[in-house]
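Fold and geometry: a report
Here is how the chains run, residue by residue.
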Amino acid sequence: MIVETGHFALVLAFVLALIQSVVPVWGAVTSDRRLMETAAPVANALFVLVALSFAVLTWAYLASDFSVVNVWENSHSAKPLIFKISGVWGNHEGSMLLWVLILVLFGSLVALFSGNVPAPLRATVLGVQGWITAAFLLFILATSNPFERIPQAPIEGNDLNPLLQDIGLAIHPPLLYLGYVGFSITFAFAVAALILGRIDAAWARWVRPWALLAWVFLTLGIAMGSYWAYYELGWGGWWFWDPVENASFMPWLAGTALLHSAIVMEKREALKVWTVLLAIFTFSLSLLGTFLVRSGVLTSVHAFAVDPERGLFILVILCIFIGGSFTLYAWRAPLLKQGGLFAPISREGALVLNNLFLTAATVSVLVGTLYPLALEAVTGEKISVGAPFFNLTFGPLMIPLLLAIPFGPLLAWKRGDLLAATQRLYAAFGVALLAALAVFWAWGMRQVLAPIGVGLAVWIMAGAVAELLSRTRITEIGLSRGLSRLVGLPRSAFGTMLGHFGVGVTLLGIVMATAFQTELVRTVRPGDTFDMAGYQLTFTGIAPRQGPNYTEQVGHLVVRQGGAEIAAMDPSKRIYPARGMPTTEASILTFGFSQLYVSLGETRDDGAVDIRAYFKPMITLIWLGTLVMSIGGIISITDRRLRVGAPKPARAKTAGLSPAE
Amino acid sequence: MTLWILFALMTGLTALTVLMPLRRGSASASDAGAADEAVYKAQLEEVDRDLQRGLVDAAQAEAARTEIARRLLAAHKQNQRNGKSAATGAVKWAALLPALLLPAGALGLYLWIGSPDLPDQPLEARLQSNPEGQPVEVLVARVERHLAANPQDGQGWEVLAPVYMSLGRPQDAAQAYANAIRLNGASEPRQSSLGEALVVAAEGLVTADARAAFERAVQLDPAAAKPRFFLALALGQEGKRDEAISAWKRLLDGANPNEIWVPAAQQELAQLEGRLPPSLQPPRGPAAADVEAAAAMSEAERGEMIRSMVDGLKTRLEADGGSVEEWVRLIRAQIVMGDKDAAKASLAKARETFAAEPPALDVLRQAETDNGLGS
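Residues numbered from 1 in each chain as written. Chains lettered and ligands numbered in written order. Predicted model: local features only at pLDDT ≥ 70, side-chain atom pairs only at ≥ 80, totals over all residues. Heavy atoms only, no water.

Applying the stated criterion to the full structure yields 23 salt bridges over all chains. Residue glutamate 67 of chain B is joined to arginine 71 of chain B by a salt bridge in which the shortest nitrogen-to-oxygen separation is 3.4 Å. On the criterion of helical spacing, the pair formed by glutamate 67 of chain B and arginine 71 of chain B is a turn pair, its members being four residues apart in helix 3 (residues 58-81). What makes arginine 71 of chain B buried here is its relative accessible area of 16%. For arginine 365 of chain B, the salt bridge goes to aspartate 362 of chain B, with nearest N and O atoms at 3.0 Å. In this pair, arginine 365 of chain B and aspartate 362 of chain B both sit in helix 18 (residues 358-370), three residues apart, roughly one turn of the helix. Aspartate 362 of chain B sits in the partly exposed class, given a relative accessible area of 45%. Overlapping salt bridges bring together Arg268, Glu348 and Lys414 of chain A together with Glu67 and Arg71 of chain B as one network. (Salt bridge = Lys/Arg side-chain N within 4 Å of Asp/Glu carboxyl O. Helix = DSSP H or I, 4+ residues; strand = E, 2+ residues; numbered from the N terminus. Buried < 20%, exposed > 50% of the residue type's maximum accessible area, 1.4 Å probe, protein only.)

To continue, consider the domain arrangement of chain B. As assigned here, chain B comprises domain 1 (1-22 + 94-115), domain 2 (31-80) and domain 3 (151-283). Here the C-alpha centroids of domain 2 of chain B and domain 3 of chain B sit 95 Å apart. (Domains from an automatic or database assignment.)

The strands making up a sheet are joined through hydrogen bonds of the backbone, oriented either antiparallel or parallel. All names here are of chain A. Read across the open sheet, the four strands follow the order 1-10-9-8; overall the sheet is antiparallel. In this open sheet, the two edge strands, each paired with only one partner strand, are strand 1 (518-524) and strand 8 (587-591). Each strand axis lies, on average, 15° off the axis of its neighbour in the sheet, ignoring direction. Where strand 8 and strand 9 (residues 594-603) come together, five bridges link them in antiparallel fashion. Looking at the pairing, serine 587 lines up with valine 598 of strand 9. The sheet strands contacting helix 9 (residues 201-232) are strand 8, strand 9 and strand 10 (609-616), and the helix crosses strand 9 at an angle near 50°. (Pairing = 2+ DSSP bridges. Axes fitted to C-alpha atoms, helices over the stretch in contact; angles between N-to-C directions. Contact = heavy atoms within 4.5 Å.)

Below, the discussion takes up the confidence of the model for chain A. Of all residues in chain A, 95% attain a pLDDT of 70 or more, and the chain-wide mean is 85. Contacts from residues 652-661 of chain A, a stretch scored under 50 in pLDDT, to residues over four places away or in other chains number 23 contacts. (pLDDT = per-residue confidence, 0-100.)

Written out as structure tokens, the structure reads:
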């Protein structure tokens, strides 16, 4: 009865979502308040129904109810509790249900926290959310129903893909979905603005925090996925330009652009039409990501089931939403009022530059991801577009953007002074130059690009700090008054600083780990010792061990430095009998920001084993940087002041103001 | 019935979330234009606060105020031009939607794709419930759980092994027989069955391990037919034609022609002696035939087969008394099948049967403690 209640709740949610799609929007168009007022309670009811349905599926996993096909296919009674829970979304059907759960959660949040949003806008936004919800619920019920049953329940399940039995993967999909789906809110706001033909003053105030929230989750989700690939796949790589990774990276790039253009919009009422377009573009990329990952077009750990019917279904949803919203944009955008004016060199101008480069970078990734697919579809020829392509296209687009980051926040709104901004960055430039020289001095010509990369990273970090300090005018008014000004700065200033600082941190990690990593692949016998970046690793042997639902061969290594034993490493290879699948569990030791990474390869008959060892200097900075960025985003969200961008007053009438769009 | 009442409640509550706001018809929320004005007024206050905190200087604040005031004026004018909105007749239609679409749509769709008749089947509950009428997989899982907790229970392995064979899991059966031999000691039937399981696992090939098992079985009981059958088969498979022929002849010599294996043995012999073209009749022992028979059985029949094994033992013991060891085996079997009451009943029966034999009563008392049947 419990399972069928969950199933019915899902069906009910679908029908309710259909009502949600029609009634509030109808009310907004005909200015009927009572129809509009249905939006919020229905959004909450949708959340309750889908949450109930999700809770029931989770119960089925916990209770190992193998009469539910989905549980039977993806669970096992001996699986540890945490993976019984994460198994709920570790498969196609469950993950789509999680997708919708997050969608209606956001809808419900909009309903709860939008008391001061004009009623028509609120009703239309929730109505658009209703369209998305209805489309995806239909998709679930028609092609991927997690509540399908088997009358004769088997006694044991097929277990979860062992690669997914991992803490990282328990957290990664929900975070990523929170990001993807979060952009549905900005999309709904954009489409609502187009339908209503006006952008309210509250619009930007609402879009920016949602964009920021989605961006924070997406950042964390991508970082988590990257760290998972790093430690679980056993190759020690953290980014592969794999289409699945690109699928999440594209909305992130577009979302970053959206975030910045939303700032301009909130503070200056400029870039309105562009922001609407970006919001549509970002969510379209999220949908595209879902399509690429879920349709089985791409083979990867994410493509749980290759089913052409599902792929076609998502493709239709994709075409309707993307095609429909862009058509709507072409038709209605001219109705929207243009925003304010600004000079090319100004904060607005800098943010336009940011948007330009980020959008171009998104397009380059989009081409690199879709071109091989299109080529294969048309000619049947398989090509793989990897790091070389992206290094040549994405890289050059990023460098000017990264160089420009410190300048942006220092320029005044409406009309800026590049020279004054540069003067305030002298110190940051000096620090960056010193860092680059230090790297050059230490490693010489072996790595030509490393000093430049390190210099760029330090430039961004120092620039972020310099910007914050210049706002306190600490050099003009003395330390104590400067510090009190620092405390008095709005939280959003710290958010900006941390966001930009985090980019520098991640860049530093990328440059260091790429340029200076040491790698060693060799066959070792018990008793063998080898040297790795100043650490001596002694392999003492390999022994079997029994886990709850797997057996493993655990290698043991003793790590010494200067003769003293400092740590032990136990990399292992596991076999999950339910699926007969092996996995590699790398052993990772962290020293400061650097990591020693050991994974096992083939075991030989004579007790020898292939070992792959890396020393990766400063690699953790890659993920710590994303954490810093996310913290910056969260701090900025908590600052609920109204954002007003005070323009720099014109001393004399300056010529050369250009329209915003 | 409870299910349908629950569904009706859920549908009703959901419909209410749409109908309630339609009934209320409040006019509390602000208008779009008024909301714009409110935002701009709040922005003006924010500029004042920023000025106080020293985030902007006086000139910047003034410029910001000018801009916002301009927007405020525009919004105000716009607001005055727009007439107030009026409720339309659409409410009635909108109320019909949830009132009709929700129950009809949800119920129709659910009846189409749902399975209202299927109860929940959480694993623990299935393993705890009455073994009667359970599919054989559940019974096997029960025994497996029992053995995972008590791996030293030789009787359990002994009960499980033939079930594995009939389920077409010869590899597991071989392991179970090996465990039974380890814990209960070697005997001709156990060794022969182990060998047979290994042969079936190897798809009819008598492997070295299987041969070793059959050889031990022959040592334990030189007259047993089954191990000698397979050893003869092994000789044939190894290409030792003459030895195989004499082995088959010795086996068939004096055998009861009604034994099921005799025709197969005769056929093997005929083939080796060249009386049959090899391609016409591929060699097949009784093992392969058994597996086919088991595979052809339906699930219910297989469950029946296990129960009938236990029931057969019970009926026989109740009829002719049997040995105390056999009674203990029955009790064990009933315990591992999860039927504690039946085990208690059997124990009581056994006590009656052996009331006059104190050593047997001791064995029964031991069995009672071992199986946790004591009160």
